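Now for the letters of each chain:
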Amino acid sequence: MLCYVMLCYVMLCYVMLCYVILYYIVMWYIKLRSFIFLSMCMCVTPHSSFTCRCTFTCSASAFSPQCISSLLVFFLDQMFTLQPSHSLPTLPFSIQFTYEVAPVFVLLEYVTLKKMREIIGWSDGRGDGIFSPGGAISNMYAMLLARFKMFPEVKEKGMSSVPRLAAFTSEHSHFSIKKGAAALGIGTESVICIKADESGKLIPADLERRILEAKQKGFVPFFVSATAGTTVYGAFDPLIAISDICKKYNVWMHVDGAWGGSLLMSRRHRWKLDGVERANSVTWNPHKMMSVPLQCSALLVREEGLMQNCNQMHACYLFQQDKHYDLSYDTGDKALQCGRHVDIFKLWLMWRAKGTIGFEAQIDKCLELSEYLYNKIKDREGYEMVFDGKPQHTNVCFWYLPPGIRYMEDKEERKKHLHKVAPVIKARMMEYGTTMVSYQPQGDKVNFFRMVISNPAATFEDIDFLIEEIERLGQDL
Ligand SMILES: Cc1ncc(COP(=O)(O)O)c(C=O)c1O
């Protein structure tokens, strides 16, 4: 009997010991996860010129229950109970709509958007903004805001409450402007394409002429989208002249800087966006020239509060008005989405690591490489540039003329042949697996190559190789 009691006692002690050990392991695991996450936030190189006060906010509040709440086993808010998807590796890609579910990311977004607005030139970085799933969506947000600004009743009453609207953009602009018009019920026919000059820049005189024409036809001009860095030519529209026209006719001015907005980070190249500070909204894609992994696109808006008024729906299960913290940090109601992917963390971390100077260096390097390519081929036998003059962005547009068509007299015949050259060379590039360069026609111009450099790891030798490869694969055509 004594033996039996002692055995029970030992077993009980053993179970209790196991329980205590397990408890400590769990607590240690939770702390380790919080610690690693915070280290990721804080342990970035300090040579950044972007002094982000948020680092300290994050680190100071990180040990508060709010900040680590989503790391806790008993975090049972909404649908975010502890799930495998909330394990550390996926944490930076989780959801962001209220402060309580993503306090650090909300603050990172706040400081980063403010910094971007300062770079645009809006005083004290004032204004608003949001990270969206891409430049196309950012452009659509801008159109939505422009329409709401002019006709707020459209939110409740729909398109039947507004007159026929007209939007304006250059014939070289991105197709997302028309897509946005289609999605918002404005219609693609209401997007009026303005003539561009030889180098792809919108012609302001034509913009003014078309605005007046639209007014005469009974349309209400509400939105002009200028492009900073067109997709094919890399052209920068003349923003100052465009802003004068927008002001004169009381039209919202948007700058689609999805491709070229990043040049604002470069002291050498930012003049190409002179006048951007006059815009009402700006699209800027760090996931293009700044090499931030997809997706990372920002829409910056000059007027504070407009996005909130335009998009908010006050869902009371998310945006309760009696929460215990500052509700302005519940940024989710500004978005069209409900759950939102966390896109800010990658950009913020890269910015902290490289600094503005690092981004500037990488952008300048890409532009140097494209200038090198341009200088090498502009007078080289067998090449023709698509437009005269140095490219403004990293887009180098050119034809390669194989020896067989180089001296063809019949212009039409030559054009017909030339149209087929780039697709064949590209197909051969893909078959050999050595390189790949995009091509397209534009207006009356037959297929041409468009070399775009956005990888700062590329070298001058890579450019030399590209030229040799085009010639090797195309000489028999
Ligand atoms: C000028 C311009 N605007 C908008 C976009 C669309 O950007 P995203 O692919 O991020 O939607 C692009 C994409 O190439 C672009 O070049």
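Worth saying up front: this structure is predicted, and the values here are computed from it rather than measured. (Residues numbered from 1 in each chain as written. Predicted model: local features only at pLDDT ≥ 70, side-chain atom pairs only at ≥ 80, totals over all residues. Heavy atoms only, no water.)

## Quick notes on helix α8 (residues 204-216)
Item 1. The terminal C-alpha atoms of α8 lie 19 Å apart, and with 13 residues this matches the ideal 18 Å at 1.5 Å per residue to within 8%.
Item 2. Buried within α8 we find Asp 206, Leu 207, Ile 211 and Ala 214. The arc enclosing the buried residues of α8, seen along the axis, measures out at 140 degrees, which places them on a common side. More than 90 degrees from the buried face of α8, the exposed residues found are Ala 205 and Gln 216.
Item 3. The inward-facing, buried residues of α8 contact β2 (165-170), β3 (191-194), β4 (220-227) and α9 (239-248).
Item 4. Just beyond α8, the residue with positive phi is Gly 218, at close to 95 degrees. (Helix = DSSP H or I, 4+ residues; strand = E, 2+ residues; numbered from the N terminus. Expected span 1.5 Å × (residues − 1). Buried < 20%, exposed > 50% of the residue type's maximum accessible area, 1.4 Å probe, protein only. Arc of directions from axis to C-beta. Contact = heavy atoms within 4.5 Å.)

## Some details on the sheet that holds strand β8 (residues 383-385)
Item 1. As summarised here, the arrangement of the four strands in space is β8-β9-β11-β10, forming an open sheet in which the pairing is antiparallel. Both edges of this open sheet fall to β8 and β10 (438-442), since each of them pairs with a single strand only. Across this sheet, the average inter-strand angle for adjacent strands is 45 degrees, counted without regard to direction.
Item 2. Sheet analysis places strand β9 (residues 396-400) next to strand β11 (residues 445-451), joined by three bridges and oriented antiparallel. Among the inter-strand pairings, Val 396 is bridged to a residue of β11, identified as Met 451.
Item 3. Helix α11 (residues 344-377) contacts β8, β9 and β11 of the sheet and is inclined by roughly 30 degrees relative to β9.
Item 4. Sitting on the sheet, helix α14 (residues 460-474) is in contact with β8, β9 and β11, with an inclination near 30 degrees to β9. (Pairing = 2+ DSSP bridges. Axes fitted to C-alpha atoms, helices over the stretch in contact; angles between N-to-C directions.)

## Description of the packing of aromatic side chains
Item 1. Considering all chains together, one arrives at 14 aromatic pairs under this definition.
Item 2. On the numbers, 4.7 Å between centres and 25 degrees between planes, the contact of Tyr 233 with Phe 387 is stacked. Of the two residues, Tyr 233 is situated in the loop between β4 and α9 and Phe 387 in the loop between β8 and β9; the sequence distance between them amounts to 154 residues. Phe 387 matches Tyr 233 in its accessibility class, with the two residues each being buried.
Item 3. Here the aromatic rings of Trp 399 and Phe 448 are separated by 6.0 Å at their centres, their planes lie at 80 degrees, and the arrangement is edge-to-face. Pair noted here: Trp 399 is in strand β9 and Phe 448 is in strand β11, with a separation of 49 residues, a long-range link. When sorted by exposure, Trp 399 lands in the same class as Phe 448, which is buried.
Item 4. Taken together through their ring pairs, the aromatic side chains of Tyr 99, Tyr 110, Tyr 325 and Tyr 329 make up a single cluster.
Item 5. The aromatic ring of Phe 219 is capped on one face by Arg 164, whose charged end is 4.1 Å from the ring centroid. (Phe/Tyr/Trp six-rings, centres within 6.5 Å; stacked < 30°, edge-to-face > 60°. Lys NZ or Arg CZ within 6 Å of the ring centre and 35° of its normal.)

## Looking at the nonpolar core
Item 1. By size, the foremost hydrophobic cluster in this structure holds 97 residues, and its most contacted members are Phe 168, Leu 207, Trp 284, Leu 300, Leu 347, Phe 398 and Ile 470.
Item 2. Once residues lying within four places of it in the same chain are set aside, the contact partners of Phe 168 are Ile 192, Ile 194, Leu 207, Arg 210, Ile 211, Ala 214, Pro 221, Phe 223, Val 224 and Ser 225.
Item 3. The next biggest cluster of nonpolar side chains, apart from the first, holds 28 residues, and it includes Tyr 141, Met 143, Phe 148 and Trp 252. (Core = buried A, V, L, I, M, F, W, Y, C linked by side-chain atoms within 4.5 Å.)

## Considerations on α14
Item 1. For α14, built from 15 residues, the straight-helix expectation of 21 Å at 1.5 Å per residue is met to within 8% by its first-to-last C-alpha distance of 21 Å.
Item 2. Regarding α14, the residues found buried are Ile 463, Leu 466, Ile 467, Glu 469, Ile 470, Leu 473 and Gly 474. For α14, the angular spread of buried residues about the axis comes to 160 degrees, placing them on one side.
Item 3. Each element contacted by the buried residues of α14 is listed here: α11, β8, β9, α13 (411-432) and β11.

## Description of unusual backbone geometry
Item 1. Here the amide bond leading from Leu 294 into Gln 295 is cis, since omega sits at -5 degrees, within 30 degrees of zero.
Item 2. Note that Gln 295 resides in the loop between β6 (281-284) and β7 (297-301).
Item 3. Phi is positive for Ser 291, close to 60 degrees, though the residue is something other than glycine.
Item 4. Take Ser 291: it is sitting in the loop between β6 and β7.
Item 5. Here Ser 291 falls in the partly exposed class, since its relative accessible area comes to 32%.

## With respect to the sheet that holds strand β1 (residues 128-132)
Item 1. Pairing in this open sheet of seven strands is mixed, and the strands run β1-β7-β6-β5-β4-β2-β3 from one edge to the other. Looking along the sheet, the strands with just one partner apiece sit at the ends: β1 and β3. For this sheet, the mean angle separating the axes of adjacent strands, direction not counted, is 20 degrees.
Item 2. α8 rests against β2, β3 and β4 of the sheet, and its axis sits at about 150 degrees to β3.
Item 3. The strands touched by α9 within the sheet are β4 and β5 (252-257), with β5 carrying the most contacts at an inclination of about 155 degrees.

## Thoughts on the pairing of β7
Item 1. Among the five residues in β7, five count as buried, and that is most of the element.
Item 2. Of the two faces of β7, the one holding Ser 297, Leu 299 and Val 301 and the one holding Ala 298 and Leu 300 are both buried throughout.
Item 3. The sheet contact formed by β1 and β7 spans five bridges and is antiparallel. Paired with Gly 129 across the two strands is Leu 300, which belongs to β7.

## With respect to the site of the ligand
Item 1. Lining the immediate environment of the ligand, one finds 14 residues, of which Gly 135, Thr 231, Asp 256, Asn 285 and His 287 sit closest.
Item 2. Lys 288 is positioned with one of its side-chain polar atoms (N or O) 3.2 Å from an oxygen atom of the ligand.
Item 3. Isolated, the ligand exposes 390 Å² of accessible area, and the fraction of that covered by the protein chains is 81%.
Item 4. The leading source of residues in the shell around the ligand is helix α5 (residues 135-150), at three residues.
Item 5. Here the residues of the shell around the ligand are counted per class, giving two nonpolar, 10 polar and two charged. (Near = heavy atom within 4 Å. Polar contact = N/O pair within 3.5 Å; in protein donor to acceptor, adjacent residues only side chain to side chain. Areas by Shrake-Rupley, 256 points an atom, 1.4 Å probe, with all protein chains shown as cover. Nonpolar A, V, L, I, M, F, W, Y, C, P; charged D, E, K, R; others polar.)

## Notes on the UniProt feature "modified residue: N6-(pyridoxal phosphate)lysine" (unreviewed entry) in the protein
Item 1. Here, the residues flagged by UniProt with the feature "modified residue: N6-(pyridoxal phosphate)lysine" (unreviewed entry) are Lys 288.
Item 2. Along the chain, Lys 288 falls in the loop between β6 and β7.
Item 3. Among all residues touching Lys 288, those that are not within four sequence positions of it are Ala 258, Trp 259 and Ser 454. (UniProt positions renumbered as here; feature names shortened; annotations may be inferred.)

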